[in-house]
Structure formats: C-alpha cells, structure tokens
Protein chains: 2
Amino acid sequence: MPLSKITVELTNAPKNKPDNDKLGFGKYFTDHMFILDYDAGKGWHDPRIVPYQPIALDPAAKVFHYGQTVFEGMKAYKTPENSILLFRPYKNLQRLNRSSARLSIPHIDEGLVIEALKQLILVDKDWIPDEQGTSLYIRPFVISTQPTLGVQPSEQYKFMIILSPVGSYYAEGINPVNIFVESEYVRAVTGGIGNAKTGGNYAAGLKAQQEATEKGYSQVLWLDGVHRKYIEEVGSMNVFFKVGDKVITPALNGSILDGVTRDSVIRLLKHWKIEVEERTISIDELVDAYRGGQLKEAFGTGTAAVISPIGELNWQGDKLTLNGGKTGELSARVYEFMTGLQRGLIEDPFGWIEKL
Amino acid sequence: MPLSKITVELTNAPKNKPDNDKLGFGKYFTDHMFILDYDAGKGWHDPRIVPYQPIALDPAAKVFHYGQTVFEGMKAYKTPENSILLFRPYKNLQRLNRSSARLSIPHIDEGLVIEALKQLILVDKDWIPDEQGTSLYIRPFVISTQPTLGVQPSEQYKFMIILSPVGSYYAEGINPVNIFVESEYVRAVTGGIGNAKTGGNYAAGLKAQQEATEKGYSQVLWLDGVHRKYIEEVGSMNVFFKVGDKVITPALNGSILDGVTRDSVIRLLKHWKIEVEERTISIDELVDAYRGGQLKEAFGTGTAAVISPIGELNWQGDKLTLNGGKTGELSARVYEFMTGLQRGLIEDPFGWIEKL
Ligand SMILES: Cc1ncc(COP(=O)(O)O)c(C=O)c1O
Ligand SMILES: Cc1ncc(COP(=O)(O)O)c(C=O)c1O
C-alpha cells in the first residue's frame, strides 16, 4: 500500500456537537482522527482516518516514562461563505519535524500530513464552528510507543491528528490578560529542548502556572535560565513590546518556540512600516522603559489566542500597568488584521492562507 | 471501599518466563500490574491488581501532550534462601511524592503504595530471577489522563506499578563504561525540573545520548546549564570521583536527581571512614586532578546498574583513561558491598533492607 493511500473508516455513532458558547479550548473532539504508525525498519505506515476512540498502549510504552513526544497546534477557520481556510500549515509541519529531530523522533513527510489533515477536516467539516472567535483547533502529535524501559529513542511511534472545535483560549477574550514575571522557576535553557514543541517544556511550566493562577494571573512570563533576566516568552505565546515607536520581541535563541504567529506578526509589522527589533531584552530594560513612560503596549502571540494584549506585568511585586490596563491601539490593529485574514474577511497580501 | 483494600484479579493466561541470559533491561514484564485512579474531588481510588494489559486512553489525555508524568525505579532481589528483599523502598516513594509536587501531581499515600508493591511482588514472585546480577525491576509511575488540551495540571491520573525481571543494565556488566562529557546539550537547569524523576528530563537527554552512542560511548556526563562547567550526573546515574584519598560527588543543587544509591554510597563510604565531599566540582578541576595523577577512580551510582565504574571520560576529544581503563579497587569494593547487601549475602548495618 503506498504511504499516501489513506484509508477511511467512518463512525456509526456521530456525537452531538456542543453549543458555540460552551466550546472553551480543547474540551470537545470531533468524530474522527488520523493515525499513522512507525516501526523501525519499516518506516511510517498505515495512514488511516478512523472514528475518534481511545488508544490502547502497553503500560511500558516509552511515552509514559520518558516523555518522548512532540506536538503541533494550528487552526482551521470557516469563512462567512463556508470556505475552510488554513493558516500557514507548512510552517507548523516543518516545526513538527524540527521538534522531532531534537527528540530523536523520525521525520514525517509533510506532504502526507497535509493531505491527511485536509481529508480529516473534510470528513469532520460540520464540526468547524463559524462564530467570530471560534475555529477548529488541529492537534497533530507523535508519541513513542515501544514497550521497553531502556532510556533510548523508541523504535515505534504513533503520529495522530485530533480536532477540537474551540472558542477563545482565554476566558477574558480579547480583553487584556495579567501576566506574572517568573523569577523562581525556569522553563528551558540554551542547549535544552525549549525550542521544541514537546511535553517536557509544558510539564516544566505547570507549577509556575499554577502558582500564578492562585495569585490571579493568567500566565507567566519566563526569563532565561542562565542570567535569569532576559525575557523569553509567555506560557504558550511569544511576546512583543511596543517601546516608543518601535516593537521589540525576543530573538530566537534556541530556548523559546519559533512561533508561527510571531513570525507572521513580525512580517505584518514590517509590511506596515513599523520598526521591529528581534533581540535580547532584559526585564530591567523593560522596567526602565516603563518608568520612563516608553513602554506603550505589550501583547502575546500564539495560535490559541492569536493576539493577547497584556494589561499588567507583575515583576517581583511591582505592578506595571500597560496602556492603562486596556487593549492598546497596535495590539487591536494586529488582532483585527490577523483574525480577519484567518477568517477570510480581508485580502491576503502574504500568501499565508490555504483554502481547502 | 477503604483505600487500602486492594482487589486482585489473577490472569488466566500466564506468560512464559524468559531465560535468565535473555533478560536485558525492561524488556519483559510480569503477569500482573497495579493500578490506582485519581479524580479531582474524589482523590485516589480503586486500588487493584489486574493482569498485565494495555491501557486505553483518550488521544487527548494530557500525558500525550504536556508530559505531566513522574516515575520511580527500584528493585526486588531474591536471596539464596528464597527470601525477597527490597532496598530502601520508602526513599523511592518519598522521592516519587517530591517529583509529583514539582509536577503539580497529587500526593499518594506511601503506606498504600508499599502495601500494593508488596502484594504485587508476591503475586508475581515466581518472576523474580535469582542469578547473580539479576533482579526484579519495579517501575511505579503516574500519568495524567484528563482528555483536555488546556495547559493546566490534569484533574485525572493513573498511578501504576509494573514489574520487569532484569539482567544487568549495561551490556558490559561490571566492566567499566566509557562516558562522553557533554558540552553542547543541557539536561536541566536550576529552577527547572532536573531533580524530579519525570519524562521531560529523559526526553531532553535522548539526542545527546544517541550522539554519544554513535561515537562509541555508553552514556553522557552532563554539565550544569548555567556555567556549562560543573559536573551534574550521568544519564541515569549520579557520579563519584576518587581524587587522592577523598571521594567527591556533586552536591544536590536542584538540577540533579537525589539518587537513593548515591545517598547509600555516601553513607557507606563514611561508615568505612573514607572522606566524602558533596560539593560543586568543575570539569576543569577534574581534568587538573587527572593531569596531576590524582584522579584515581570514577563510578556512577543508580538502581539499574548499582555501581558502574568509569573507564574513560571524553572531554572535548581529550580521552581521560581512569585506573588504566579497569575497575578500580574502591569501585569494586562498593559494588561488592552494595550488591551483597541487596541480595542478602552480607549483614545490613544500616537498616536499609526490607524483607517481604
Ligand atoms: C511555548 C510556546 N511559545 C509560543 C507559542 C506560539 O506559537 P504559535 O504562534 O506557532 O502558535 C506556543 C504555542 O502555540 C507555545 O506553546
Ligand atoms: C537522572 C538520574 N540520576 C540518577 C539516578 C540514580 O538514582 P537512584 O540511585 O535512586 O536509582 C537515576 C535513576 O535511577 C536517574 O534517572
């Protein structure tokens, strides 16, 4: 069977679809999923779309013990004319393969995955919600399944795609979020796995996230693990600061994720002739800019929230209120453009939109 | 049902037991396993011993995406008189709970786990191999099973124990291993999860391990993530150096594992009136000691290998041959004592051995 021949088994028992206002993030899943198996010596094989169902794994499967996993997150949007749009899907699949390389997971053909993705979305297209702010979240992921306890790369894997109709990631919607600048815990360090989209990085962040939530903050802003002073990223977003007339964002340094939204926003700002600097930024520089009245706005970027304006940064008890705690002009403009583009409401000058 | 009431369902289809010389490490599993479930609001419930079997999980289960897992590793030994011995099992279960706290996983009653462990071992006692160097490896672990994609601690978990009859961890047995000192990749950093026994740390080490294997080395020796020069630990062992008449081992600094074997060896050496220093050691200090003829021996300590003498350290291409590449006198003495103690061949002056 050629690798690209995807078999399809449709469900006999379609589920009820949740109401748009109950969606939340990643709580409901569609009727089908995609699976592809890997065995050493055989390569990736048996691509198939099957009814969404539990997967049975040996309790010794490496994923349960040694965290050898990678994942991606992207979205499909329904336009008012009922077209289905994807946003830069190849960027995500290239990143999946970069993450896999870091985790010693075998490369997957990106063309096959795109094909699988499109077929799966078409099978479950009635699950794509169409209200403003909603979309179909796409979660491709790889797990290591070989049932042996040696600490070595697995010889067996499953690549899967599951789909979840989602509302806005943040309960607050486009309203600004408050962020806690983390000075105790570290998410990732140069030489580590911070630039791979793999479970360990998120596991490393849970405790800090939990403590920040208890203090009333939505997410944490990570500082670098070496000097403990350079800005890295937010929980699941890259971060941008408007200082004076310029926009500054941390450079890709190996310990933060190379966000697709980050890259898109940088290109969009340049397209708008707004100066963007990708460089090292210390928390002290930010605080100084704030005290000098130059820190005008800050926002996070990521597939889940698209753009998340930051209303307050808490740095060791000092509360830095940004733009009076309201969504800034630039944040709003970027949000409008990005979400408009993704939902097919405005023309795409970049060639980022892929129609199914 | 009281939490401590463990139900037992025996298998109808016992498996064939592997030959002693085919055991390897973590390749075969016994006929039964222990499971305990957790649901928020309900706590841990339904402790049960069931036939070893695959577990079915929703593809959205958090363990597949965000690496929220912890595990332990310990061994049961059969004495020549057919008694079954455990080595400091409470130390491992206390560490399990410390790892869990770091990963926002709920605490598990250590007494219940010990009881479960003992019952499970008794059910599968015919699986404990009895040749020199063999043992029954015990793998308790927790996985997060809530099927939602938000990056928050799970509200559902499974705690499980599986058992594997094992030979020696290293194909080389007690013969010295060659170790590659890693200067590119980093395993863990202060503020991170390095002192928790959780998948992400092992995932972070796979690539370096794989490259070291390709160069002919068994494992890597990690340096710290901040200065990239202080000795941390080996893949799955803590590390000791005999410099002159003293023994030096890296202090517990938050980024290395608090090894049960490490603690035992420190106490054993002190019992033998050998001076032990737990402190920061740079790779430069080691190389200087080597050049000055003072670096006499080095060995790793861990449950899997117990003691693993180091024959060679490769530091940026320089090959430091230790004790002529042979097992040193102290390494051998520690190995003999530890394995003798664990197999009940010598008297236990420390109260470490627990008889089932
Ligand atoms: C750690 C982290 N940083 C940044 C991002 C933003 O990346 P993207 O814009 O590709 O979604 C994400 C996730 O989506 C993330 O998990
Ligand atoms: C990273 C790491 N360091 C050290 C050790 C040694 O710890 P212990 O002596 O408790 O087995 C282990 C595992 O066993 C380990 O995985």
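None of the values given here were measured: they were computed from a predicted structure.

### Re the domain arrangement of chain A
Interfaces are often described in size by the accessible area the parts lose on coming together. Residues and elements named next belong to chain A. We note that the domain assignment places domain 1 (7-166) and domain 2 (177-342) within chain A. Each of domain 1 and domain 2 has a C-alpha centre, and these two points are 27 Å apart. For the domain 1 and domain 2 pair, buried surface summed over both sides reaches about 1,800 Å², with 53% attributable to carbon and sulfur atoms. In terms of surface lost to domain 2, no three residues of domain 1 exceed F71, F87 and R95, which account for 32% of the buried area on that side. Here domain 1 is connected to domain 2 by three salt bridges. Taking the shortest distance from any N to any O, the salt bridge between D263 and K91 comes out at 3.9 Å. Put simply, domain 1 and domain 2 have 13 residue pairs in polar contact (both at pLDDT 80 or more) between them. Among the secondary structure elements, those contributing two or more residues to the side of domain 1 that touches domain 2 are β5 (69-71), β6 (74-78), β7 (84-87) and α2 (89-102). The element contributing the most residues to the side of domain 1 that touches domain 2 is α2, with six residues. By residue class, the composition of the side of domain 1 that touches domain 2 is nine nonpolar, six polar and seven charged.

### Things to note about the relation of the copies chain B and chain A
Of the transformation placing chain B onto chain A, the axial shift is 0.0 Å and the rotation is 180°, giving an RMSD of 0.0 Å. On the angle and the small slide along the axis, the relation comes out as a two-fold axis. Interface overlap between copies is the fraction of interface residues in one copy that are interface residues in the other; for chain B against chain A it reaches 100%, indicating a shared surface.

### So, the pairing of strand β17 (residues 306-315) of chain B
Residues and elements named next belong to chain B. When you tally the buried positions in β17, you get ten out of ten residues, the bulk of the element. Taken together, the five bridges between strand β10 (residues 177-181) and β17 define a ladder with parallel strand orientation. Residue pairing in the sheet places F180 in a bridge with N314 of β17. Relative to β17, strand β16 (residues 295-302) is paired through four bridges, and the arrangement is antiparallel. Bridge pairing links G302 to V306 in β17. Linking β16 back to β17 in an antiparallel pair, the connection comprises three residues.

### Description of unusual backbone geometry
Excluding glycine, most residues fall at negative phi; most peptide bonds, likewise, are trans. Residues and elements named next belong to chain A. In this structure, R88 is a non-glycine residue whose phi angle is positive, near 45°. Phi is positive for K273, which is not a glycine, with a value near 65°. Here K273 lies in the loop between α5 (260-271) and β15 (276-279). A relative accessible area of 75% means that K273 is categorised as exposed.

### Side note on the pairing of strand β14 (residues 246-250) of chain A
All names here are of chain A. Extensive coverage of β14 is indicated by the burial of four of its five residues. Where strand β13 (residues 238-243) meets β14, three bridges bridge the pair, whose relative direction is antiparallel. Bridged to V243 within β14 is K246. In this antiparallel pair of consecutive strands, β13 and β14, the connection spans two residues, and G244 shows a positive phi of 60°. Judged from the four bridges that link them, β14 and β15 form a sheet pairing that is parallel. Residue pairing across strands places V247 opposite V276, the latter belonging to β15. Note on the crossover from β14 through α5 to β15: the handedness is right-handed.

### A closer look at the packing of aromatic side chains
The way to describe two aromatic rings as a pair is by their centre distance and the angle between their planes. Residue and element names in this part refer to chain A. Evaluation of the coordinates by the stated rule reveals 33 aromatic pairs over all chains. Between Y38 and Y157, the aromatic rings sit 5.6 Å apart at their centres with planes inclined by 65°, giving edge-to-face as the arrangement. Taken together, the positions of Y38 in strand β2 (residues 32-39) and Y157 in strand β9 (residues 156-166) put the pair 119 residues apart, joining distant regions of the chain. Y157 shares its class with Y38; the two are buried. An aromatic cluster is built from F87, W272, F337, F350 and W352, whose rings are joined through pairwise contacts. In this arrangement the basic side chain of R333 is found over the ring face of W272, its NZ or CZ atom lying 3.7 Å from the centre.

Basis of the calculations
- Residues numbered from 1 in each chain as written.
- Chains lettered and ligands numbered in written order.
- Predicted model: local features only at pLDDT ≥ 70, side-chain atom pairs only at ≥ 80, totals over all residues.
- Heavy atoms only, no water.
- Domains from an automatic or database assignment.
- Buried area = accessible area lost by both parts, 1.4 Å probe.
- Salt bridge = Lys/Arg side-chain N within 4 Å of Asp/Glu carboxyl O.
- Polar contact = N/O pair within 3.5 Å; in protein donor to acceptor, adjacent residues only side chain to side chain.
- Helix = DSSP H or I, 4+ residues; strand = E, 2+ residues; numbered from the N terminus.
- Nonpolar A, V, L, I, M, F, W, Y, C, P; charged D, E, K, R; others polar.
- Least-squares fit on C-alpha atoms with pLDDT ≥ 70 in both.
- Contact = heavy atoms within 4.5 Å.
- Buried < 20%, exposed > 50% of the residue type's maximum accessible area, 1.4 Å probe, protein only.
- Pairing = 2+ DSSP bridges.
- Right-handed = clockwise from strand over helix to strand, strands pointing away.
- Phe/Tyr/Trp six-rings, centres within 6.5 Å; stacked < 30°, edge-to-face > 60°.
- Lys NZ or Arg CZ within 6 Å of the ring centre and 35° of its normal.

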